[in-house]
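Descriptive analysis of the structure
One letter stands for each residue in the lines below.
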Amino acid sequence: MKNFCANCWTNSASIKIFAILLVAGKIQCQDFGYDGDKGPTHWGEQYNTCYGKHQSPINIDSLDVVPVNLPPLEFIGFDEKPAKSEITNNGHTVMLEVDCDPQPAITGGPLNGLYEFMQLHFHWGENDTIGSEDLLDNHSFAMELHVVMYKSFYRSSREALDHSDGLAVLAFFIEVSPTDNPAFDDFTRSLEKVTSPHTTTSFDKLQSLRQLIGEDLTQYYTYNGSLTTPPCSEVVVWIDFKEPITLSHNQIEKFRALEDTEGAKMTHNFRPIQPLGDRVVLFNTGEIEGNDLNRKKWAPYDVVQAHEDRTTVKVDQDDLEANIPDREYPEPNNDLAGVTESPKRGFKRLFRKNSAWKHHANSCLIVAIYLLVLCNSTRV
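Nothing here was measured: the structure is a model prediction, and the numbers come from that model.

About the cut-offs
Residues numbered from 1 in each chain as written. Predicted model: local features only at pLDDT ≥ 70, side-chain atom pairs only at ≥ 80, totals over all residues. Heavy atoms only, no water. Helix = DSSP H or I, 4+ residues; strand = E, 2+ residues; numbered from the N terminus. Buried < 20%, exposed > 50% of the residue type's maximum accessible area, 1.4 Å probe, protein only. Areas by Shrake-Rupley, 256 points an atom, 1.4 Å probe, with all protein chains shown as cover. Contact = heavy atoms within 4.5 Å. Phe/Tyr/Trp six-rings, centres within 6.5 Å; stacked < 30°, edge-to-face > 60°. Polar contact = N/O pair within 3.5 Å; in protein donor to acceptor, adjacent residues only side chain to side chain. pLDDT = per-residue confidence, 0-100. Arc of directions from axis to C-beta.

A word on the overall build of the protein. The helix and strand tally for the protein stands at nine helices and 14 strands. Looking at the protein as a whole, 54% of its 380 residues qualify as buried. Of the roughly 17,300 Å² that the protein leaves accessible, carbon and sulfur atoms contribute 50%.

Among the secondary structure elements, Gln207 is positioned in the loop between strand E11 (199-202) and strand E12 (220-225). For Gln207, a relative accessible area of 13% translates into the label buried. Not counting chain neighbours up to four residues away, the residues in contact with Gln207 comprise Lys81, Pro82, Ala183, Asp186 and Leu212.

Turning our attention to the packing of aromatic side chains. Applying the stated criterion across every chain yields a total of 17 aromatic pairs. Centroid distance Phe141 to Phe173: 4.5 Å. Interplanar angle 15°. Geometry classified as stacked. With a gap of 32 residues between them, Phe141 in the loop between strand E8 (135-136) and strand E9 (143-151) and Phe173 in strand E10 (residues 167-177) connect regions that are remote in the sequence. Of the residues examined, Phe141 reaches a relative accessible area of 8% and is grouped as buried. Members of the aromatic cluster, connected to one another through ring pairs, are Phe122, Trp124, Phe184, Phe187, Phe203 and Phe255.

What follows concerns the environment of Ser140. Structurally, the position occupied by Ser140 is in the loop between E8 and E9. Given the relative accessible area of 14%, Ser140 is considered buried. Sequence-wise, Ser140 and Phe173 are 33 residues apart; in three dimensions their C-alpha atoms are separated by 8.8 Å. At 3.4 Å, the side chain of Ser140 and the side chain of Ser132 are in polar contact.

Let us look at the confidence of the model for the protein. Across the protein, the average pLDDT comes to 78, with 68% of residues at 70 or higher. Confidence drops under a pLDDT of 50 for residues 1-29, and excluding neighbours within four residues, the segment shows 53 contacts in the predicted structure. Throughout residues 290-344 the model reports pLDDT below 50, and contacts reaching past four residues in sequence, or to other chains, amount to 127 contacts.

Buried within helix H6 (residues 249-256) we find Gln251, Ile252, Phe255 and Arg256. Summarising the axial view, the buried residues of H6 lie within an arc of 155°, below the 170-degree limit, and thus occupy one face. Contact partners of the buried residues in H6: strand E5 (94-99), strand E7 (115-124), E9, E10, helix H5 (185-190) and strand E13 (236-248).

This part is about unusual backbone geometry. Cis geometry is found at the peptide bond from Ser56 to Pro57, where omega equals 5°. The omega torsion across Pro230 and Pro231 is 15°, close enough to zero to call that bond cis. Along the chain, Pro231 turns up in the loop between E12 and E13. Here the phi dihedral of Asp137 falls at roughly 55°; this positive angle occurs in a residue that is not glycine. Tracing the chain through its elements places Asp137 in the loop between E8 and E9.

What follows is the structure in structure tokens.
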């Protein structure tokens, strides 16, 4: 049976069957949580990368960052209303996916290349004083919004996980306001339709992504880090915007009413901060001089040396490339656990770019059934 499974798994037909079962939501191998023996302190027991040296989230010390002038971030398609929008409670968070042609994308700033939108999701705490993952001067916000992008140079988000610059996450702090945020009215109302885990609903009123993110997109902190849920792959360029979004207490309470994979209230879903280590956090001041900066290609920047005087630094591409050290990145586990795109969208994208797979026979159904039984036996 072992040899049979090994041979069949190399057959693309078996992968197709496995994808179909994933789309149906019948396989759940995401064995992690936020409390007890499945909590963050135990993630490394199953996902070795969670013990890495460049993990996220972190505390951002505004007195210990390096001010820089990076080229402007260019948001492509963020103002366009999608053909379809869906939110899903995956048992760990609630995420939004959109159907656009082409997908929204971002480039510029610290990014070397074009990054395509995959999904956005949220982290929150049991009360309004905690909930964000990154901290700012040891201050926690009530929530944090993550817009997850993958580098379009790579074939898919799964392939992007094999590269140190594979993903980019736009992070927005969310603080409590005495009044509702009207841009989130439809979103928070829709949460009542996805209270149970592994449920999905579509929006009646379509919104652009631009309506859900912050106003000031020029000032931000940026560093190289990891996914904040297993497998904790160290493949993320983090961009944390300084200006927070606001939601009312009542709007935030609707997130806490969601149920996790065990049927309990999802009162909190944030990972504690991790050591900064040898990394440097940059702060983009938003002060751009000249148009030539926007035409540069920017390399990974966590190797920028801190300047003792903390004066604003104009990053030079040649200096960056000359100082990039050789680094071995852990082999990522391809279970994204709700941090990136859903299995349905991921396999749909993969089939679209590899159309020959569509014509293979469904020859390894027994393998998929075996995996279904195995995963259900460890379902969270």
